Amino acid sequence: MSSPLRITVAKRTAPVAAQLAELGRQTFQATFAADNRPEDMAAYIAENFTPEKQLVELQDPQTTFVLAHMQQELVGYAKLALNSVLGLEEGKPATGRLEIERLYVREDWLGTGLGATLMRRAIEEARTHNCRTIVLGVWEHNRRAVEFYKRFGFKEIGRHAFQLGDDVQNDLILRKGL
C-alpha cells in the first residue's frame with residue numbers, strides 16, 4: 001500500500017501560487033513571529049507571500065518548487081533555484097549550484113520526517129541538474145533549522161544580510177558538496 005503523502009514538482013499555475021502564498025505566510029509567521037517585531041513580520045509577509053509574487057517565482061525557468069501533499073492538502077514545499085550566486089566568490093561561475101531558497105513544513109507536520117523527505121528530494125533534483133553544490137541561507141537564531149541542515153552535511157561558509165521589514169538580520173550561508 002502506498003503512502004498518501006505525495007511529493008511532486010509544482011505546476012506553474014495561479015491556483016498553485018495561491019497555495020504557496022498561503023502556506024508561506026502560515027509557516028513564516030509560525031516560525032519567526034515570536035522573535036521579531038509584528039510590523040517587520042507584516043511587511044515581509046505582505047511583500048513576499050502574495051499569490052502574484054508566488055506566480056512570478058513559479059514561472060521562473062531557473063526555479064523549481066517541490067510540493068508535499070497529504071491527500072489534497074499542501075503540507076510543505078521546497079523552493080529550489082539553479083545557478084545561485086549565494087556565497088559565491090566574485091567572478092566565479094554560478095553553474096552547477098542549486099540553492100534551497102525555502103524549505104517550509106506546516107507547523108503540525110514538524111518532527112514527522114517531512115522536512116527530511118523534502119531535503120532528500122532537493123538533493124535528488126540537484127543531482128538531476130548535474131549540480132556539484134547545494135547552498136542555502138538560514139537565520140542564525142533558527143537553531144532547529146541549522147541543526148537539521150548540519151545533519152545533512154551542510155557546513156557554514158559565510159554570512160549575509162537578510163532584510164525583515166526594517167530589521168537587518170544575519171543569515172548563515174551553508175554549503176554541501178555533491
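The structure under discussion appears in the preceding block.
Now for a quick tour of the structure.

As for the overall build of the chain
The helix and strand tally for the chain stands at five helices and seven strands. Listed by position from the N terminus, the elements making up the chain come as β-α-α-α-β-β-β-α-β-α-β-β. On C-alpha atoms alone, the chain measures out to a radius of gyration of 16 Å, which is about the 16 Å that the 2.2 N^0.38 rule sets for 178 residues. Projected onto its principal axes, the C-alpha positions of the chain cover 45 × 40 × 30 Å. Per-residue burial over the chain gives 46% buried out of 178 residues. Intrachain contacts of the chain at a sequence separation of at least 6 include 64% that bridge at least 24 residues. Put simply, the chain shows about 9,500 Å² of open surface, and 50% of that area lies on carbon and sulfur atoms. Here the chain contributes 23 positive and 23 negative side-chain charges, whose respective centroids are spaced 9 Å apart.

Structural notes on helix α5 (residues 143-151)
One turn of the α-helix equals 3.6 residues, which is why residues spaced by three or four share an orientation. Buried within α5 are the following residues: Ala 145, Val 146, Phe 148 and Tyr 149. Summarising the axial view, the buried residues of α5 lie within an arc of 160°, below the 170-degree limit, and thus occupy one face. Across α5 from its buried face, at more than 90 degrees, point the exposed residues Arg 144 and Arg 151. With its phi angle positive at about 90°, Gly 153 sits one or two positions after the end of α5.

Let's talk about the packing of helix α1 (residues 14-32) against helix α2 (residues 38-48)
Two numbers describe how α1 lies on α2: the axes approach to 11 Å, and their chain directions differ by 160°. It follows from the interaxial angle that α1 and α2 lie roughly antiparallel. Like other packed secondary-structure pairs, α1 and α2 cross with a definite hand, here right-handed. Counted together, Arg 25, Phe 28, Gln 29 and Phe 32 of α1 and Met 41, Tyr 44 and Ile 45 of α2 form the full contact between these two elements.

Digging into the pairing of strand β4 (residues 97-105)
When you tally the buried positions in β4, you get eight out of nine residues, the bulk of the element. Two strands pair when backbone bridges link them, and strand β3 (residues 73-82) and β4 are joined in this way by seven bridges, in the antiparallel orientation. Paired with Lys 79 across the two strands is Arg 102, which belongs to β4. As paired strands, β4 and strand β5 (residues 133-139) are joined by four bridges and run parallel to one another. The partner of Arg 97 across the bridge, within β5, is Thr 133. As for the winding sense of the linkage, the β-α-β connection from β4 through helix α4 (residues 114-128) to β5 is right-handed.

Comments concerning the nonpolar core
With 30 residues, the main nonpolar core has Leu 98, Ile 100, Leu 103, Met 119, Val 138, Tyr 149 and Phe 154 as its most contacted residues. Elements with a minimum of two residues in this core: β2 (63-70), β3, β4, α4, β5, α5 and β7 (167-177). With seven residues, the top contributor of residues to this core is α4. Residues within four places of Leu 103 in sequence aside, it is in contact with Tyr 77, Ala 78, Gly 115, Leu 118, Met 119, Phe 148 and Tyr 149. Membership of the second largest hydrophobic core comes to 19 residues, among which are Ala 10, Ile 45, Phe 65 and Tyr 77.

Here's the deal with the environment of Asn 130
Within the secondary structure, Asn 130 is located in the loop between α4 and β5. Here Asn 130 falls in the exposed class, since its relative accessible area comes to 63%. Placed 48 residues apart in sequence, Asn 130 and Leu 178 show a C-alpha to C-alpha distance of 9.3 Å.

Description of the packing of α1 against helix α3 (residues 51-59)
Here α1 crosses α3 at 115°, and the two axes come no closer than 8 Å. Crossing geometry of α1 relative to α3 is assigned as right-handed. Between α1 and α3, the contacting residues are Ala 14, Val 16, Ala 17, Ala 18, Leu 20, Ala 21 and Arg 25 on the first element and Pro 51, Gln 54, Leu 55 and Leu 58 on the second. Its residues assigned to classes, the contact of α1 with α3 comprises nine nonpolar, one polar and one charged.

About the cut-offs
- Residues numbered from 1 in each chain as written.
- Predicted model: local features only at pLDDT ≥ 70, side-chain atom pairs only at ≥ 80, totals over all residues.
- Heavy atoms only, no water.
- Helix = DSSP H or I, 4+ residues; strand = E, 2+ residues; numbered from the N terminus.
- Rg over C-alpha atoms; globule rule 2.2 N^0.38 Å.
- Buried < 20%, exposed > 50% of the residue type's maximum accessible area, 1.4 Å probe, protein only.
- Contact = heavy atoms within 4.5 Å.
- Areas by Shrake-Rupley, 256 points an atom, 1.4 Å probe, with all protein chains shown as cover.
- Lys, Arg positive; Asp, Glu negative; His and termini not counted.
- Charge placed at Lys NZ, Arg CZ, Asp CG, Glu CD.
- Arc of directions from axis to C-beta.
- Axes fitted to C-alpha atoms, helices over the stretch in contact; angles between N-to-C directions.
- Parallel < 35°, antiparallel > 145°, perpendicular 65-115°, else oblique.
- Left-handed = near helix turned anticlockwise from the far one by under 90°.
- Pairing = 2+ DSSP bridges.
- Right-handed = clockwise from strand over helix to strand, strands pointing away.
- Core = buried A, V, L, I, M, F, W, Y, C linked by side-chain atoms within 4.5 Å.
- Nonpolar A, V, L, I, M, F, W, Y, C, P; charged D, E, K, R; others polar.

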